[in-house]
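Residue-level structural notes
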Amino acid sequence: MIPFVLALAALPHAVAPAAPRELPPFELQAADGPITPELLKGRWTWLYLGFANCPDICPTTLGYLADQYRRLADPAKVQVLFVSVDPARDTPATLAQYTRYFHPAFQGATGNRLALDTLAAGLGTRFEVGKPREPGGSYGVMHPNSVFVIDPKGRLVGTYAPAGDELSADFNEAPPVAVAPAASVPAWCTPPVLMERNRAMGSGTALIPAVSPMRNWAVTAEDWLWMFHGNAVLGYNFQGGPRGDLTWAAENWGMAMGTRPLGPGLLDLRLMGSAEAFTLPAGGTPQLFQAGETYRFNPLIDHQHPHDLIMELAARYTWRYDDATDLFLYGGPAGEPALGPSAFMHRPSAADNAWAPLGHHNQDSTHISYGVATAGVRRGQFQVEASAFNGREPDEDRLNLDLGPMDSLSGRLSWIPDPRWVLQVSHGHLVEPERLHPGNIERTTASIASVQATAWGPLSTQLTWGQNLEIHPALGAYPHQSYGLESQLDAWETWHCYGRLEILDRDGLPPGPPLNHDNKRIEAFTLGLCKDLGISTRFDLGLGADATVYGKDSSLDANYGYNPFAFRFYLRLRPPAMGATGTPDGMPM
């Protein structure tokens with residue numbers, strides 16, 4: 001296959017953001033050493049993203065930049081940096097040789113996928129790197145065809161299309177400027193920028209790190225950017241001990257999200273659903289020590305319930321007040337209030353772990369709430385939200401919308417110190433959430449989510465704490481704690497190693513009655529591995545397995561055995577990761 005390039009941001013004139021934009025922390029590697037945002041300060045920088053094997057656009061643009069650089073009255077005030085988004089083929093040494101062919105002063109650099117994604121997000125753009133159809137085969141690369149202008153303070157101040165003499169002419173003025181008439185569509189509403197915005201959105205209005213691995217199909221239609229996510233797992237599930245079972249399991253979910261500019265802001269439409277009502281065994285799939293919701297008006301113990309057919313049916317409107325402040329409203333007949341971290345199926349730290357955490361009902365179980373309204377503001381590194389919602393758990397009919405009064409309340413504060421981190425604390429008052437447990441719940445959560453670069457690939461991690469304080473008018477208050485640590489390493493883009501450690505309180509376990517409040521301390525440790533089979537560039541089909549070992553109170557030995565454990569092997573199907581589509585079909589133009 002002949003390599004190709006798709007220009008994602010070629011603009012006819014220079015375009016400046018509403019205000020200079022600080023670049024996020026990143027580290028690239030050049031032949032002379034690392035390059036960080038701090039090292040870009042002191043001079044103007046013309047930055048271009050491409051790859052050395054590019055057959056036409058990259059050499060043409062570098063030739064244009066060399067011509068413009070020679071026209072500068074004072075070249076010492078400007079540096080030119082060519083960043084390769086194809087580190088598999090472009091090393092710092094080869095890039096130094098490649099860029100100096102165009103001009104001896106030009107620099108070349110590259111980095112790992114996380115560093116490149118971080119830089120691209122900071123520039124408000126994106127790129128794609130395909131997978132070879134066979135080992136050692138060629139593959140495609142898509143990158144923006146714009147020159148990004150960084151000022152001497154290390155801030156993005158504009159972009160240029162590589163055509164004409166405008167670049168050197170502007171920089172020969174005193175002082176240099178990089179400003180032009182505003183585009184008809186604001187830069188923050190273009191498909192590449194919207195794609196990066198949506199990368200940082202978890203379930204509901206929860207946030208995940210902006211550099212998280214993202215798996216989707218995406219298309220544009222009229223003014224809409226449509227993104228489609230999903231996951232389907234089919235395999236066998238063995239739960240050991242007297243209360244265990246061996247059965248098939250077919251967890252699944254799918255989601256469509258449409259985004260378009262509307263008035264002074266953005267409109268998002270979201271639909272998420274699951275076919276688990278048809279694909280899981282009656283009463284849910286076995287999972288030792290799991291609890292929550294009911295089946296045939298009995299508490300579900302040692303089983304994970306199937307999710308409802310409609311998991312989210314909601315809209316969001318975001319109004320950009322200024323370059324640092326967004327105001328938003330979110331709501332609909334099915335959605336997620338501002339309570340807890342992003343739901344487990346949307347977290348990069350659990351991307352291949354289809355098991356619901358045992359602490360799910362202490363942390364993020366409100367990701368399906370039938371009736372939600374949320375108002376929030378995002379300013380700089382902070383996001384504050386408040387919700388009114390129906391806090392009752394869905395009933396046993398998985399095919400309907402269990403609408404009820406929106407008499408539960410919650411609030412959440414999120415801190416995003418940089419694109420690699422999201423920290424949140426939240427609290428909610430849930431009115432009568434459990435059908436068989438009269439009383440309300442005060443739920444408090446805190447979490448730290450991170451995506452970090454390693455030599456093998458991105459490492460996604462989340463640490464979560466959640467507490468349910470059950471309040472019964474006649475019986476008093478009963479606290480239930482849960483702690484969870486989960487991680488996933490996406491190694492070499494095709495191997496996915498994941499693990500989860502949980503420590504929590506669980507009541508209602510046999511031999512006691514289902515509604516007892518005798519808390520037992522439970523520990524669970526899961527370790528798993530999934531390998532992408534590389535059958536197609538249109539989707540990722542993986543073969544995986546995991547195992548879980550449990551710790552428990554000795555009073556549960558008679559019912560659960562002395563050393564209960566579980567294992568599962570499965571096939572997993574989902575969209576490809578961003579950067580692994582192989583062709584431009586179905587990508588935003």
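Scroll up to find the structure.
Report follows, based on the coordinates. Note that the structure is a prediction, hence the values are computed from the model and not measured.

**Observations concerning the packing of aromatic side chains**
Under the definition given, this model contains 13 aromatic pairs. Aromatic side chains phenylalanine 82 and tyrosine 98 sit 5.7 Å apart centroid to centroid with 45° between the ring planes, which places their arrangement in the tilted category. Of the two residues, phenylalanine 82 sits in strand β5 (residues 78-84) while tyrosine 98 sits in helix α2 (residues 92-102), which places them 16 residues apart along the sequence. The residues phenylalanine 82 and tyrosine 98 share a single accessibility class, namely buried. For the ring pair phenylalanine 238 and phenylalanine 565, a centre distance of 5.8 Å and an interplane angle of 50° mean the geometry is tilted. Note that phenylalanine 238 is positioned in strand β12 (residues 224-239) and phenylalanine 565 in strand β30 (residues 565-574), a separation of 327 residues in sequence. Relative accessible area serves as the criterion here: at 39%, phenylalanine 565 is assigned to the partly exposed category. Taken together through their ring pairs, the aromatic side chains of Tyr48, Phe82, Tyr98, Tyr101 and Phe102 make up a single cluster.

**Some points on empty space enclosed by the protein**
For the structure on display, the rule yields ten cavities of 30 Å³ or more. Space inside the largest cavity adds up to approximately 590 Å³. Along its surface, the largest cavity is lined by 38 residues, and Gly230, Trp253, Met345, His346 and Arg347 are the ones closest to its centre. Mapped onto the lining of the largest cavity, the elements with two or more residues apiece are α5 (191-199), β12, β14 (252-262) and β16 (285-295). Broken down by element, the lining of the largest cavity gets its largest block of residues, four residues, from β14. Taken together, the residues of the lining of the largest cavity sort by class into 17 nonpolar, 14 polar and seven charged. Volume-wise, the second largest cavity comes out at about 360 Å³. Contributing to the lining of the second largest cavity are 26 residues, with Gly292, Glu434, His437, Glu470 and Asp507 lying nearest its centre. Contributions of two or more residues to the lining of the second largest cavity are made by β16, β17 (298-304), α7 (360-363), β24 (440-453), β25 (458-472) and β27 (495-506). Of all the elements, β16 adds the most residues to the lining of the second largest cavity, at four residues. Partitioned by chemical class, the residues of the lining of the second largest cavity number eight nonpolar, nine polar and nine charged.

**Some thoughts on helix α3 (residues 113-123)**
Most of α3 is tucked away, with nine of its eleven residues classed as buried. Looking at α3, one finds that the buried residues are Leu114, Ala115, Leu116, Asp117, Thr118, Leu119, Ala120, Gly122 and Leu123. By the N-cap criterion, in which a side-chain oxygen at the helix start approaches the backbone nitrogen of a residue two or three places on, α3 is capped by asparagine 112, the distance to leucine 114 being 3.2 Å. Just past α3, the residue glycine 124 takes up positive phi, approximately 75°.

Here is what the cut-offs are and how they apply
- Residues numbered from 1 in each chain as written.
- Predicted model: local features only at pLDDT ≥ 70, side-chain atom pairs only at ≥ 80, totals over all residues.
- Heavy atoms only, no water.
- Phe/Tyr/Trp six-rings, centres within 6.5 Å; stacked < 30°, edge-to-face > 60°.
- Helix = DSSP H or I, 4+ residues; strand = E, 2+ residues; numbered from the N terminus.
- Buried < 20%, exposed > 50% of the residue type's maximum accessible area, 1.4 Å probe, protein only.
- 1 Å grid on protein atoms, 1.4 Å probe; cavity = no way out; pocket = protein on both sides within 12 Å on 5 of 7 lines; lining within 4 Å.
- Points joined across faces, edges and corners; volume = space filled by probe spheres on them.
- Nonpolar A, V, L, I, M, F, W, Y, C, P; charged D, E, K, R; others polar.
- Polar contact = N/O pair within 3.5 Å; in protein donor to acceptor, adjacent residues only side chain to side chain.

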